[in-house]
2 protein chains.
Amino acid sequence: MIECWFDFGSNYSYLSLMRIEQGAALHGVSVTWRPFLLGPIFKSLGWDSSPFALQEAKGNYVWQDMPRQCRKYGLPWHHPSQFPRRALLPTRIALLGEDEPWIGDYCRRIISMNFAEDREIDTVDAVSEALSELGLPVDKLLREANDDSTKQRLRDRTQQAMEHGIFGAPTFLVKGSMYWGNDRLNEALAHAESTSLREALI
Amino acid sequence: MIECWFDFGSNYSYLSLMRIEQGAALHGVSVTWRPFLLGPIFKSLGWDSSPFALQEAKGNYVWQDMPRQCRKYGLPWHHPSQFPRRALLPTRIALLGEDEPWIGDYCRRIISMNFAEDREIDTVDAVSEALSELGLPVDKLLREANDDSTKQRLRDRTQQAMEHGIFGAPTFLVKGSMYWGNDRLNEALAHAESTSLREALI
């Protein structure tokens, strides 16, 4: 099992969300989805936005790196005209669906709107479109997303991320080991596979 | 040709300095060594040390990541009891030797003292040991390293790094393309190879 901690506003999360289910299947491991918000974590470090927005040189680099990485993985890429994008509503919906069979498709659809289609994602329109394409009960899910209990769940989740020592996204947790960044997805999957094989041998 | 911008105090520079000459040979490209100091760049961002020292969660992660990466590459690793280490003298010597045939061996020796042997490197002892192992004129090089012209060259070099938009180490420059981090070394080498082949075809 691999825990995938991600934020829909994070461009490197895009590279991992698009690939993780397929990679996990190849390694015979399951994915546990852990949507959270990076914003409060950045705030706790004294930053009011992403380091890619705050540090000019790093930002310039990232927008040079992303199209190359997308080419490498065969993923579409459209430079986001807004960065980082807020993703409160789609993240609450992801929390509601994180154990459902549609969560992978939903996550890929939402984060593709951000980084392949350059669209706002923190809107009822965007989320409704994603949900209805998947044949899901849009109104019911939107209502639940706006429940106080869901809002609290997202605050708790982000607090848990901090308690795990998570400082960026994507981050993968495998049996107490942490792997930060899309560049470590393959290593995390390989570790998850060998861990589960070792357990099966006991 | 690949430009390798590095800092002897940077742990991810260790992973790249140990591998780049061999990797470059496999790709048929030459290495241009670009020693510089990250400290002034961090200072320009308002930081008085490395982000790995300033951000606790990130630091904790990096010391979990490094032994794994070293295992992957078959490199020795000893957690540095001091981080980041100052490297003024060894960097000035690297500047003097950057076009010499001994530069690769010298860089590997110095950065191994830091990350494989947990030794101070900003000392006459450490640098003398490295130079004499390579059969080089220790006294002459130490004298030249302390010349005002060498000190100015290092300041200029670090200024050039900033002008290139370099914000971390290692950073690889290939014909105007930037690759940041040891995780991008292979991509940078592949790009350097295809660039030189393309030029040969014109």
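In this text, all values refer to a predicted model and were calculated from it rather than measured experimentally.

Novice: Would you mind going over the nonpolar core with me for this structure?
Specialist: Within soluble globular proteins, side chains that are nonpolar generally end up buried alongside one another. By size, the foremost hydrophobic cluster in this structure holds 63 residues, and its most contacted members are A:I2, A:F8, A:Y14, A:I93, A:Y106 and A:L131. It is helix α7 (residues 103-115) of chain A that provides the largest number of residues to this core, a total of seven residues. Contact partners of A:Y106, with chain neighbours within four places excluded, come to A:F8, A:P90, A:I93, A:A94, A:V127, A:A130, A:L131 and A:L134. B:F8, B:Y12, B:I103 and B:Y179 belong to the second-largest nonpolar core, a separate cluster that totals 62 residues.

Novice: Would you mind showing me how to read the sheet that holds strand β1 (residues 2-6) of chain B here?
Specialist: Whenever strands of a sheet pair, they do so through backbone hydrogen bonds, lying parallel or antiparallel. Residue and element names in this part refer to chain B. Reading across the sheet, the four strands line up as β2-β1-β3-β4 and stay open at both edges, with mixed pairing between neighbours. Sheet topology places β2 (31-35) and β4 (177-180) at the edges, where each strand pairs with a single neighbour. Adjacent strand axes in the sheet meet at a mean angle of 20° when their direction is disregarded. Where strand β3 (residues 171-174) and β4 come together, four bridges link them in antiparallel fashion. Within β4, the residue paired with V174 across the bridge is S177. Contacts from helix α11 (residues 185-201) reach β1, β3 and β4, with the element oriented near 15° to β3.

Novice: Mind showing me how you'd approach the pattern of salt bridges here?
Specialist: Two side chains bearing opposite charge may form a pair once their charged atoms approach each other closely. One pass over the full model with this rule turns up 38 salt bridges over all chains. As a salt-bridge pair, B:R85 and B:D118 come within 2.8 Å of each other at their nearest N and O atoms. Of the two residues, B:R85 sits in the loop between α5 (56-73) and α6 (88-97) while B:D118 sits in the loop between α7 (103-115) and α8 (124-133), which places them 33 residues apart along the sequence. Neither residue differs from the other here; B:R85 and B:D118 are each classed as buried. Close ionic contact of B:E129 with B:R119 constitutes a salt bridge, the shortest N to O distance being 2.8 Å. You can see B:E129 sitting in helix α8 and its partner B:R119 sitting in the loop between α7 and α8, a full 10 residues away along the chain. Looking at B:R119, the relative accessible area reads 27%, which means it is partly exposed. Salt bridges sharing common partners tie together A:R109, A:E117, A:R119, A:E129 and A:E133.

Novice: Sorry if this is basic, but what is going on with the packing of α8(B) against helix α9 (residues 138-145) of chain B here?
Specialist: Each pair of packed helices can be summarised by the angle the axes make with each other and by the distance between the axes. Residue and element names in this part refer to chain B. As a packed pair, α8 and α9 sit with axes 10 Å apart at the nearest point and diverge in direction by 130°. Classified by the angle between their axes, α8 and α9 sit oblique to one another. Here α8 and α9 pass one another in a crossing that is right-handed. Between α8 and α9, the residues in contact are V124, V127, S128, L131 and S132 and V138, L141 and L142, respectively. In terms of residue class, the contact of α8 with α9 is built from six nonpolar, two polar and no charged.

Novice: Would you explain the interface of chain A and chain B in this entry?
Specialist: One widely used convention gives an interface's size as the accessible area the parts lose upon coming together. Tallying the contact residues gives 22 residues for chain A and 22 residues for chain B. Contact with chain B buries surface across chain A, with A:Y61, A:F167 and A:R184 losing the most and accounting together for 28% of the total. Taken together, the links from chain A to chain B amount to six salt bridges. The salt bridge partner of B:K72 is A:E187, with a shortest N-O separation of 2.6 Å. Here chain A is connected to chain B by 14 residue pairs in polar contact (both at pLDDT 80 or more). Among the elements of the structure, α5 (56-73) and β4 (177-180) of chain A are those that each provide at least two residues to the side of chain A that touches chain B. Ranked by the residues each element gives to the side of chain A that touches chain B, the list is headed by α5(A), at eight residues. Looking at the side of chain A that touches chain B residue by residue, the class counts come to nine nonpolar, six polar and seven charged.

Novice: Can you walk me through the pairing of β2(B) in this structure?
Specialist: Regular strands have side chains that alternate between both faces of the sheet. Residues and elements named next belong to chain B. Of all five residues in β2, five are buried, a share of seventy percent or more. Both faces of β2 are covered, namely the face carrying V31, W33 and P35 and the face carrying T32 and R34. Where β1 and β2 come together, five bridges link them in parallel fashion. Along β2, the bridge assignment pairs I2 with V31.

Novice: It is not clear to me how the relation of the copies chain A and chain B should be interpreted in this structure. Could you clarify?
Specialist: What relates the two chain copies is a rotation about an axis together with a slide along it. Superposing chain A onto chain B takes a rotation of 180° combined with a translation of 0.0 Å along the rotation axis, leaving an RMSD of 0.0 Å. Expressed as an axis order, the relation between the two copies is that of a two-fold axis. No C-alpha of chain A lies nearer the rotation axis than that of A:D183, which sits 3.5 Å from it.

Reading the values: the criteria
- Residues numbered from 1 in each chain as written.
- Chains lettered and ligands numbered in written order.
- Predicted model: local features only at pLDDT ≥ 70, side-chain atom pairs only at ≥ 80, totals over all residues.
- Heavy atoms only, no water.
- Core = buried A, V, L, I, M, F, W, Y, C linked by side-chain atoms within 4.5 Å.
- Buried < 20%, exposed > 50% of the residue type's maximum accessible area, 1.4 Å probe, protein only.
- Helix = DSSP H or I, 4+ residues; strand = E, 2+ residues; numbered from the N terminus.
- Contact = heavy atoms within 4.5 Å.
- Pairing = 2+ DSSP bridges.
- Axes fitted to C-alpha atoms, helices over the stretch in contact; angles between N-to-C directions.
- Salt bridge = Lys/Arg side-chain N within 4 Å of Asp/Glu carboxyl O.
- Parallel < 35°, antiparallel > 145°, perpendicular 65-115°, else oblique.
- Left-handed = near helix turned anticlockwise from the far one by under 90°.
- Nonpolar A, V, L, I, M, F, W, Y, C, P; charged D, E, K, R; others polar.
- Buried area = accessible area lost by both parts, 1.4 Å probe.
- Polar contact = N/O pair within 3.5 Å; in protein donor to acceptor, adjacent residues only side chain to side chain.
- Least-squares fit on C-alpha atoms with pLDDT ≥ 70 in both.

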